[in-house]
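This is what each chain is made of:
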Amino acid sequence: MAATLRIQSDWSRALSRDEGEAWLSCRSPGKPTLYGSVTRRGLSSEGVPDIVASEGFVVGEVTKKSILISCPHENVSTKFLAPYTMFSRIHQKSITCLDISSGGGLGVSTSTDGTMKIWQAANGEIRRLLEGHVYDVNCCRFFPSGLVVLSGGMDAQLKVWSAEDASCVVTFKGHKGGILDTAIVDRGRNVLSCSRDGTARLWDCGKSACLDVLADCGSPINGIAVGAADDSLNLGTPEKPPSEREIGTEGKILLLAREDKKLQGVGLQSRQPVFLFVGSDAFNCCTFLSSTCILAGTQDGNIYQLDVRNTNAPIQVIHRSGAPVLSLLPYRDGFIASQGN
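Residues numbered from 1 in each chain as written. Predicted model: local features only at pLDDT ≥ 70, side-chain atom pairs only at ≥ 80, totals over all residues. Heavy atoms only, no water.

Next up on the list: the overall build of the protein chain. Summing up its helical and strand segments, the protein chain has one helix and 29 strands in all. A compact globule built from 341 residues would reach a C-alpha radius of gyration of about 20 Å, and the protein chain, at 22 Å, matches this within 12%. With respect to the principal axes defined by its C-alpha atoms, the protein chain has extents near 70 × 50 × 30 Å. The buried share of the protein chain, taken over its 341 residues, is 46%. Restricting to contacts in the protein chain with at least 6 residues of sequence separation, those with at least 24 account for 38%. A total of about 17000 Å² of accessible surface is found on the protein chain, and carbon and sulfur atoms cover 47% of it. Charged side chains in the protein chain number 34 positive and 35 negative. The centres of these two groups are separated by 3 Å. (Helix = DSSP H or I, 4+ residues; strand = E, 2+ residues; numbered from the N terminus. Rg over C-alpha atoms; globule rule 2.2 N^0.38 Å. Buried < 20%, exposed > 50% of the residue type's maximum accessible area, 1.4 Å probe, protein only. Contact = heavy atoms within 4.5 Å. Areas by Shrake-Rupley, 256 points an atom, 1.4 Å probe, with all protein chains shown as cover. Lys, Arg positive; Asp, Glu negative; His and termini not counted. Charge placed at Lys NZ, Arg CZ, Asp CG, Glu CD.)

Rendered as structure tokens:
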């Protein structure tokens, strides 16, 4: 496992002053952690921060929005990026989930302050307050149209909202425990949810009804993802003909990130198991990189990359820290991961 180089504080603020300091650490498995700091001494003639590092660390390329720091002793380097924009007034407490509309114009987010809000992605201006869940809202996402929002809460309810007037147009009931994640099939005639009750369900938005329980795991399902499967993958055959209300489920595979340390693949239309992979700890999240390659993150900080055609052994296991992996998102040729540190 590679060494991990971190800045332990909000360096973008610390270094935005004429003089500022941020703490550094470099951790390599099985070795003592190396500590140091970076200090800003002012600006160069080009307006770029003049930054130096303490002994054991080296400052490389510096721009107004990034800094490259290396630790030669561990042969590791990391580029740290400052945010281009920061919105600090949307929520009063920690943000638990957020999504951006397909056109990039709107954001939706939930928070431990008990609110769910829609806001302008350009300037953070709050547009709508979505009220109707009882207790905490765990997850939110835009439909592909960008005009509708799907949310799931600790009240075991799944809701569909208008982003234009904040009205709740559909409420789904059927789960026996808090809803932990959602997914949308194609353009959104059908949606998916998973819950602390150990089930994953398929819903019909037009009829406001549950079409089927896709899986009953006996353990909370923390995250789900749906994607098109490679043609070579056997997704199984449905035991009965699909409902005419079931739109876009053919050829899709559903991933279930389970609390009991299992990552499961299920044929979305067939409801048949495709694979079952056992990890090192509870799985919190999962996503598709391609029709054959998937990622899943665990509570103990592992990110597993798997080929769905052969899950006997992972392609690789990435471990940057022991902090829980909370979310994964494909990005360009790689991915973005968030961890609970």
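A few words on the environment of I90. Note that I90 resides in the loop between β7 (76-81) and β8 (95-100). The class for I90 is buried, based on a relative accessible area of 6%. Considering only alpha carbons, one finds I90 and K262, 172 residues apart in sequence, at a separation of 36 Å.

If you trace the backbone, S151 turns up in strand β13 (residues 148-153). Put simply, S151 and R189 are 38 residues apart on the chain and 15 Å apart in space, counted from C-alpha to C-alpha. Aside from chain neighbours lying at most four places away, what touches S151 is M116, H133, V137, C139, C140, Q157, L158, K159 and W161. Reaching out from S151, the side chain makes a polar contact with the side chain of W161 at a distance of 2.8 Å. (Polar contact = N/O pair within 3.5 Å; in protein donor to acceptor, adjacent residues only side chain to side chain.)

The sites that UniProt annotates as "repeat: WD" (unreviewed entry) are residues 88-129, 130-171 and 172-204. Helix makes up 0% of residues 130-171 and strand 52%, and the two end C-alpha atoms of the span are 13 Å apart. Helix and strand shares over residues 172-204 are 0% and 64% respectively, and the end C-alpha atoms of the span are 9 Å apart. (UniProt positions renumbered as here; feature names shortened; annotations may be inferred.)

Taking strand neighbours across the sheet as the criterion, the four strands line up as β24-β25-β26-β27 in an open arrangement whose pairing is antiparallel. Edge strands, defined here as strands with exactly one partner in the open sheet, are β24 (283-288) and β27 (316-319). When strand polarity is set aside, the average angle formed by the axes of neighbouring strands in this sheet is 20°. Inspection of the sheet shows β24 paired to strand β25 (residues 293-298) by five bridges, in the antiparallel sense. Each bridged residue has a counterpart across the sheet, and for F288 the counterpart in β25 is I294. (Pairing = 2+ DSSP bridges. Axes fitted to C-alpha atoms, helices over the stretch in contact; angles between N-to-C directions.)

Extensive coverage of strand β26 (residues 302-307) is indicated by the burial of six of its six residues. Across the two faces of β26 the burial is the same, with N302, Y304 and L306 and I303, Q305 and D307 all buried. Note: β25 against β26, five bridges, orientation antiparallel. Bridge pairing in β26 links L295 to Q305. Counting the residues between successive antiparallel strands, the hairpin from β25 to β26 contains three residues, one of them, G301, with a positive phi of roughly 95°. Pairing between β26 and β27: four bridges, direction antiparallel. If you follow Q305 over to β27, its bridge partner there is Q316.

On to the packing of aromatic side chains, then. Applying the stated rule across the entire model yields five aromatic pairs. Measuring from ring centre to ring centre gives 5.0 Å for F172 and W203, while their planes differ by 40°; the resulting arrangement is tilted. Residue F172 is located in strand β15 (residues 168-173), and its partner W203 is located in strand β18 (residues 199-204); the two are separated by 31 residues in the primary sequence. Classification of W203 by relative accessible area gives buried; the value is 1%. With centroids separated by 5.7 Å and ring planes inclined at 55°, the aromatic side chains of F283 and Y304 adopt a geometry described as tilted. (Phe/Tyr/Trp six-rings, centres within 6.5 Å; stacked < 30°, edge-to-face > 60°.)

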